[in-house]
Structures are given as C-alpha cells and as structure tokens.
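Summary of the model geometry
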Amino acid sequence: MSELKTRIQSGLDGKFKGLHNGFDKLNDYIFGIQRGVITLIGGQSGVYKTTLLDFIVQNVLEDAERQRVSINLFYNSFEIDRLTKMCNWLSSQIYNKYDIVIPPEIIKGFGKNRLTADQLQLVNSEIPTVEKLFDKIVWNFKPENPTGLYNTCWKFMEKRGTFNHEQYTDTDGNLKKKIVGFTPNNPEEYNIMVTDHLYLLKKERDFDTKRNIDKFSEYQVDLARLFGFSFVNLQQFNQSLSSVERMKFKGADLSPQQSDFRDTTNPYTDSDICLGLMSPFKMDMETCLGYDIRKLKNKMIMLKIIKNRLSRDGIAAGLLVNPKAGSFKELPKADEMTEEIYQKIERL
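Every chain's residues receive numbers from 1 upward, in the order its sequence appears when written. In keeping with the predicted nature of the model, local features appear solely for residues at pLDDT of at least 70, side-chain atom pairs appear and are counted solely at 80 or more, and the whole-chain, interface and lining totals rest on all residues. Here the side-chain values reflect all heavy atoms present in the structure, with hydrogen atoms and water set aside.

1. Concerning the overall build of the chain
Using the following cut-off: Strands are runs of DSSP state E lasting at least two residues, helices are runs of H or I lasting at least four, and both sets are numbered from the N terminus onward. The quantity called the radius of gyration is restricted to C-alpha atoms. Its globule counterpart is 2.2 Å times the number of residues to the power 0.38. We call a residue buried when its accessible area falls under 20% of the maximum for its residue type, exposed when it is over 50%, and partly exposed in between, using a 1.4 Å probe and counting protein chains only. Residue contacts follow a heavy-atom distance rule, with two residues in contact if any of their heavy atoms lie within 4.5 Å. All accessible-area figures derive from a Shrake-Rupley calculation using a 1.4 Å probe, and residue coverage is judged against the displayed protein chains alone. Charge counting follows a simple rule: Lys and Arg are positive, Asp and Glu are negative, and His as well as the terminal groups are ignored. Just so you know, the charge point we use is NZ for Lys, CZ for Arg, CG for Asp and CD for Glu.
Looking only at helices and strands, the chain features 12 helices and 13 strands. Against the 2.2 N^0.38 benchmark of 20 Å for 348 residues, the chain shows a C-alpha radius of gyration of 22 Å, consistent with a compact globule. Counting only C-alpha atoms, the chain reaches 75 × 55 × 50 Å along its principal axes. For the chain, the residues scored as buried account for 48% of the 348 residues in total. Sequence separation of 24 or more characterises 68% of the internal contacts of the chain that already satisfy a separation of 6 or more. Total accessible area on the chain stands at roughly 18000 Å², and carbon and sulfur atoms take up 49% of it. The average position of the 49 basic charges and that of the 46 acidic charges among the side chains of the chain differ by 1 Å.

Here it is, written out as structure tokens:
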C-alpha cells in the first residue's frame, strides 16, 4: 500500500481521532490533541491561561485512560508550584464530579478561609484521584533552558523506537549516515510536552528573551516532525490588545491576533494551531460575539482560533468559566441564550 493510501486508511481506522481536550464544538476544527501538533495559547494576564491549560491536560489524561491509549506527558510548570497546583486540581475535580464549588483558597486555608467538615471529607475523598493524575505526569517546576528540554525529549524518544538512516558523502568524500526518520515501537502512543509559560524558560548563555523562545520553538518543530511529539505552550500577550489607541476606532477588531504576542511571533509562525484568549469584561465591552457581557461579566472568555493548519481558522467561541472551580464550558450560541440561562450563570 502506498504511503498516501496508508495515511487515508489510518484516518478511516480512527487513528487520528485525537485526545479529548474538554471542548465540544471547537473540536470540529482543532480535533482535540493530535500527535505531532504544536499548539500555542496566548492571552493577557488574568484571562485564565494556566487554568485552561490544566483543564486541557486533565481532560487529555482522562480520555487517554478511556481510550486505553498510552500517553507520556511532560509538564513544565514554571509559574506555579506543585502543592498549589494540586489544590487547584482538587477544586476542579470536585466541581466536575459533584457540581460543588470549593475554591482553592479555601482548600489552602488562606486568611480566614477554612474547610467545613463536609468539605474536608469531600477533599480527602478526591486526594487519591489528584495524586493518581499527578503521578501520570513528568513534572518540571524548575525553569530549564531550551537545549535541556530538547535533550529531555530526545533521550526519552530514542528508547521508544528505531531511527531510520540514509547514507551520504561529505565534502571530503567520506561515507556517512544521517537520520531521516523514526519508527516508533508504539505508533498509537501520545508524547506531549506542555509549558507554562515561554517567557519563564531559563535562558541559554548570552541569549536574550526573544532568541531564547525562538530556539525552543525551533527545537519543537524538529521534535514534532521527527518523533510526532506534541507541544502545548502558553505565551503572554503584549498590552496593545487593551490599548486606548486600538479601542478608540469604531468597528476595530479587538479579538486576539498575531501581533498581540509578546517578545516574539516565531512560536506563532511555528505552531500548527494558535488559540487566543480575551476577556471582554476587562476590555469594558458591553457585548461580544452577541453575548451580553453586562450579565456575564468575567464569567465569559472569548477563545479564538487565530491560526489552524488542520482546518479553518478565524473561529471564535464564548467559554463559560467558573474561576472558583477551574472549569470551562462552551456557551450556547448567542441567539440561544435566554434570560433564564443568563440568570443561572449570574448565580455561579
């Protein structure tokens, strides 16, 4: 069978179904987490980027277990420490399972916040679930430089398959071999690295921030193409998205775009999928995508598919976010929003 026919048959066999990322309608365009795909998520501070990343990671792990698919996930958490993240995940797990909100600040006992006896019982019952999820991940809480992360991926993958070589003659007439491909032992396996966030990468010697991020992005392209490694990265937006100069023009496009990425746009160029987050409430918008922001306030986040090599881009959706529980859900279409739905959201 030809290479093209083999690829088409693999699609028919469901081998590119992807791992569920927690979204619904958006997956008609981005298809969950796919092998060998680089995804970039951008947004300003305070738009729940890390919370969304954790939401995606938890859904991916749970779906891999449902599908009985092998998965290896590396999480570079350069901004949030282990225990803080575990408390955050406890909160989201409890909400998703029981529809009960126990905010992380209560779980952590900050200030005057204390767990009630019932809350403590519920938290204790879910600790094994969170610990099990954490044990499935290779965590890195200490910033590493791009070459160190590249070596981590390379050393891990070289034991999971066979390199394909091709002979060539160098300029001195010597016969040598070069790597031209990789055959994995388990083609169904997912290998994923997520990074929160790119700015916090440890710098290579004599590298500035832009050059450092660009190097990691370059490495990711090589690893994705050779091994089918998947990457999900967070990157900050600059301040132009909320600037007065941009907002003062009537009809201006305030949704996220390529120029909003801070420090460098190379990760955008190298990514297969680029998602942008925006808080209409923080932008003082009264409506967004047809939704009444005066009622939704900070509970609505716009997610826009800015770039998409897999399907269509320019698609935007409203996400209902419950910041107290780290939960996301796609809102109904704007013309399907009733006053009853708005009131229910306001009570969250």
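Picking up where we left off.
2. Topic: the nonpolar core
Our working rule: What is meant by a nonpolar core is a set of buried Ala, Val, Leu, Ile, Met, Phe, Trp, Tyr and Cys residues, joined one to another through side-chain atoms within 4.5 Å.
With 52 residues, the main nonpolar core has Phe-23, Ile-71, Leu-73, Tyr-75, Trp-89 and Ile-192 as its most contacted residues. With 8 residues, the single largest contributor to this core is helix H3 (residues 49-67). Those residues in contact with Phe-23, other than ones at most four positions away along the chain, are Ile-30, Leu-52, Phe-55, Ile-56, Leu-303, Leu-319 and Glu-330. With 26 residues, the next largest nonpolar core counts Phe-163, Met-193, Leu-201 and Leu-223 among its residues.

3. Thoughts on the layout of surface pockets
To locate leftover empty space, one rolls a probe as large as a water molecule over the atoms. Selection rule: Only protein atoms enter the 1 Å grid used here, on which a cavity is any set of points holding a 1.4 Å probe that cannot leave and a pocket is any open set flanked by protein within 12 Å on both sides along at least five of seven lines; residues with an atom within 4 Å of a point are listed as lining. Grid points are joined across faces, edges and corners, and a volume is the space filled by probe spheres set on the points. All amino acids are sorted into three groups, where Ala, Val, Leu, Ile, Met, Phe, Trp, Tyr, Cys and Pro are nonpolar, Asp, Glu, Lys and Arg are charged, and the leftover types, Gly among them, are polar.
Quantified by volume, the largest pocket comes out at close to 800 Å³. Taken together, 26 residues line the largest pocket, and the ones lying closest to its centre are Arg-7, Phe-16, Phe-182, Pro-184 and Pro-187. Secondary-structure elements contributing two or more residues to the lining of the largest pocket are helix H1 (3-12), strand S5 (175-184), strand S6 (190-196) and helix H8 (209-227). Residue composition of the lining of the largest pocket, grouped by class: 11 nonpolar, 8 polar and 7 charged. Residue lining of the second largest pocket: 16 residues in total, with Tyr-95, Leu-320, Lys-329, Lys-344 and Leu-348 positioned closest to the centre. At the level of elements, helix H4 (82-98), strand S12 (315-322), strand S13 (327-330) and helix H12 (339-346) are the ones that each hand at least two residues to the lining of the second largest pocket.

4. Some thoughts on the sheet that holds S6
Our working rule: Two strands qualify as a pair provided DSSP detects at least 2 bridges between them. Fitted lines through C-alpha atoms serve as axes, helices being fitted only where they are in contact, and the angles separating the N-to-C directions of these axes extend from 0 to 180 degrees.
Reading across the sheet, the 9 strands line up as S3-S2-S6-S7-S1-S8-S11-S12-S13 and stay open at both edges, with mixed pairing between neighbours. Every other strand in the sheet has two partners, leaving strand S3 (137-140) and S13 as the edge strands with one partner each. On average, adjacent strands in this sheet sit at an angle of 20° to one another, irrespective of strand direction. Inspection of the sheet shows S12 paired to S13 by 4 bridges, in the antiparallel sense. Counterpart to Val-321 in the pairing with S13 is Phe-328. With respect to the sheet, H8 is in contact with strand S1 (38-43), S6 and strand S7 (230-236), its orientation differing from that of S7 by roughly 160°.

5. What about empty space enclosed by the protein?
Under the defined criterion, the tally for this structure stands at 3 cavities of 30 Å³ or more. Looking at the largest cavity, the residues that line it are Asn-21, Phe-23, Ile-30, Gly-32, Ile-33, Thr-39, Ile-41, Ile-56, Val-232, Ile-273 and Leu-275. Considering only residue class, the lining of the largest cavity consists of 8 nonpolar, 3 polar and no charged. If you trace the second largest cavity, you find it lined by Ile-38, Leu-40, Leu-198, Ile-213, Phe-216, Ser-217, Gln-220, Asn-233, Pro-267 and Ser-271. Counting residues per element, the ones that place at least two in the lining of the second largest cavity are S1 and H8. Its residues assigned to classes, the lining of the second largest cavity shows 6 nonpolar, 4 polar and no charged.

6. With respect to the pattern of salt bridges
Applicable threshold: Whenever a carboxyl oxygen of Asp or Glu lies within 4 Å of a side-chain nitrogen of Lys or Arg, that contact is scored as a salt bridge.
Using the criterion set out here, one finds 17 salt bridges in the structure. Note that Lys-97 and Glu-126 form a salt bridge whose closest N and O atoms lie 3.0 Å from each other. Within this pair, whereas Lys-97 is found in helix H4, its partner Glu-126 is found in helix H6 (residues 117-135), the two being separated by 29 residues in sequence. Taken together, the salt bridges that share partners define one network made up of Glu-65, Lys-132 and Lys-136.

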